[in-house]
Amino acid sequence: MDMIMQNYVGCDISKQWLDFFDEASGRFRRIDNQADAIAAYVAGLDPSRDFVVMEATGVHDRLLRHALAKAGVPFSRHNPAHTHHYAKSTRRRAKTDPLDARMLSDYGRRYHPEAEPAPSEEVERLQSLAGHRDHLVNMRATAKKHLAEAFNEIVIADLEETIAHFDTRIKALESLIAEVIRQNQGTARDHALMVSVPGVSKVGALSLLALLPELGQRSPKAIAALVGLAPFDNKSGKLTRRSQIQGGRSRVRRALYMAALTAIRTCDRFKSFYTALAARSGSKKLAIIAVARKLLVVLNAIIRDKTAFA
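Now for a look at the structure at hand.

Rules used in this analysis
- Residues numbered from 1 in each chain as written.
- Predicted model: local features only at pLDDT ≥ 70, side-chain atom pairs only at ≥ 80, totals over all residues.
- Heavy atoms only, no water.
- Helix = DSSP H or I, 4+ residues; strand = E, 2+ residues; numbered from the N terminus.
- Expected span 1.5 Å × (residues − 1).
- Buried < 20%, exposed > 50% of the residue type's maximum accessible area, 1.4 Å probe, protein only.
- Contact = heavy atoms within 4.5 Å.
- Pairing = 2+ DSSP bridges.
- Salt bridge = Lys/Arg side-chain N within 4 Å of Asp/Glu carboxyl O.

Considering helix α10 (residues 250-266)
Turn by turn, an α-helix covers 3.6 residues, leaving residues three or four places apart pointing in a common direction. For α10, which comprises 17 residues, the first-to-last C-alpha distance of 24 Å matches the rise-based estimate of 24 Å (1.5 Å per residue) to within 8%. Listed as buried for α10 are Arg251, Val252, Ala255, Leu256, Ala259, Ala260, Ala263 and Ile264. Looking at the buried residues of α10, the elements they touch are α5 (121-149), α8 (202-211), α9 (220-227), α11 (268-281) and α12 (284-305).

Considerations on the pairing of strand β1 (residues 7-13)
Where burial is concerned, most of β1 is hidden: seven out of the seven residues are buried. Covered by surrounding structure in β1 are Asn7, Val9, Cys11 and Ile13 together with Tyr8, Gly10 and Asp12, the residues of both alternating faces. Alignment of β1 against strand β2 (residues 17-22), held across five bridges, turns out to be antiparallel. Bridging from a neighbouring strand, Cys11 pairs with Phe20 of β2. Once β1 ends, the chain turns through three residues before running back antiparallel as β2.

Remarks on the pairing of β2
The side chains of a regular strand alternate, first on one face of the sheet and then on the other. With five of six residues buried, β2 lies mostly within the body of the structure. When β2 meets strand β3 (residues 27-32), the two strands line up antiparallel, connected through six bridges. Bridge assignment links Leu18 to a residue of β3, and that residue is Ile31. Between β2 and β3, which follow one another and run antiparallel, lie four residues, and Gly26 among them has a positive phi close to 75°.

Things to note about the pattern of salt bridges
Side-chain pairing between opposite charges can occur once the charged atoms of the two side chains come close. In total, this model carries 18 salt bridges according to the counting rule given. Across the pair Arg30 and Asp19 runs a salt bridge whose closest N-O atoms are separated by 2.9 Å. With a gap of eleven residues between them, Arg30 in strand β3 and Asp19 in strand β2 connect regions that are remote in the sequence. What makes Arg30 partly exposed here is its relative accessible area of 43%. Several salt bridges share partner residues, and in doing so they unite Asp61, Arg62, Arg65, Arg77, Glu116 and Glu124 into one network.

Structure (structure tokens):
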């Protein structure tokens, strides 16, 4: 049987348009970043041959990902820092959108990335709601900081009213999020499994559901690296420095860090682990991060096995 050669199509994404480079034809094409234009372009791709490579660009790649998933065309997104380092390694100095699209096609040919799962509208809805809640919480925190420094009665009264308004909006949004979670049996089950783990709050579980859909589908090492809780060696010659964590999803890491602080206070199992590691390493922060990583591994296992924490 003849093997079908994978054709990597690079796509540079901006808010206004998409630039494609097709390695098989060697042609560039620019289209509007609009649903109709994207659907027309994707209709010309071959799901058994074409593979689209793009950078992770937040919301601007959403229409393309959904169109590709609907058409069955595989695709993968990549950290711009990684692809930019790759571009530098090729000694390419010029930078234009078509050249970036060609670089992404070359990147796919060089690394043969795995296809991403189809996007989930439910996960995206949770991501949007969770992100909006975080935004409101940050604005409330800023208002509270101003209140602590205020001395004028009018300013104090206005800030107190603003904070009360944020309290009401955040509470209403959390009720809406809880209803969204309840509407899906699988999501509700996973949320209940997560909060069974010591230290994991309802809000922390929401962050994990929305921002780490890979939970339960990756190995312990892979999920830790994805979040940014996997320590990387830092050695050169005779010089050996302490291993450090880097990269990953900062919002998920922050949720796990807060969960670790609570778990250390409330669960003997995690408290003993923390105390022993802090004494051995001489660093309380390192020990807290290690507890956060342990929590992540536990959460990964219970979502994979659909078994509550015991």
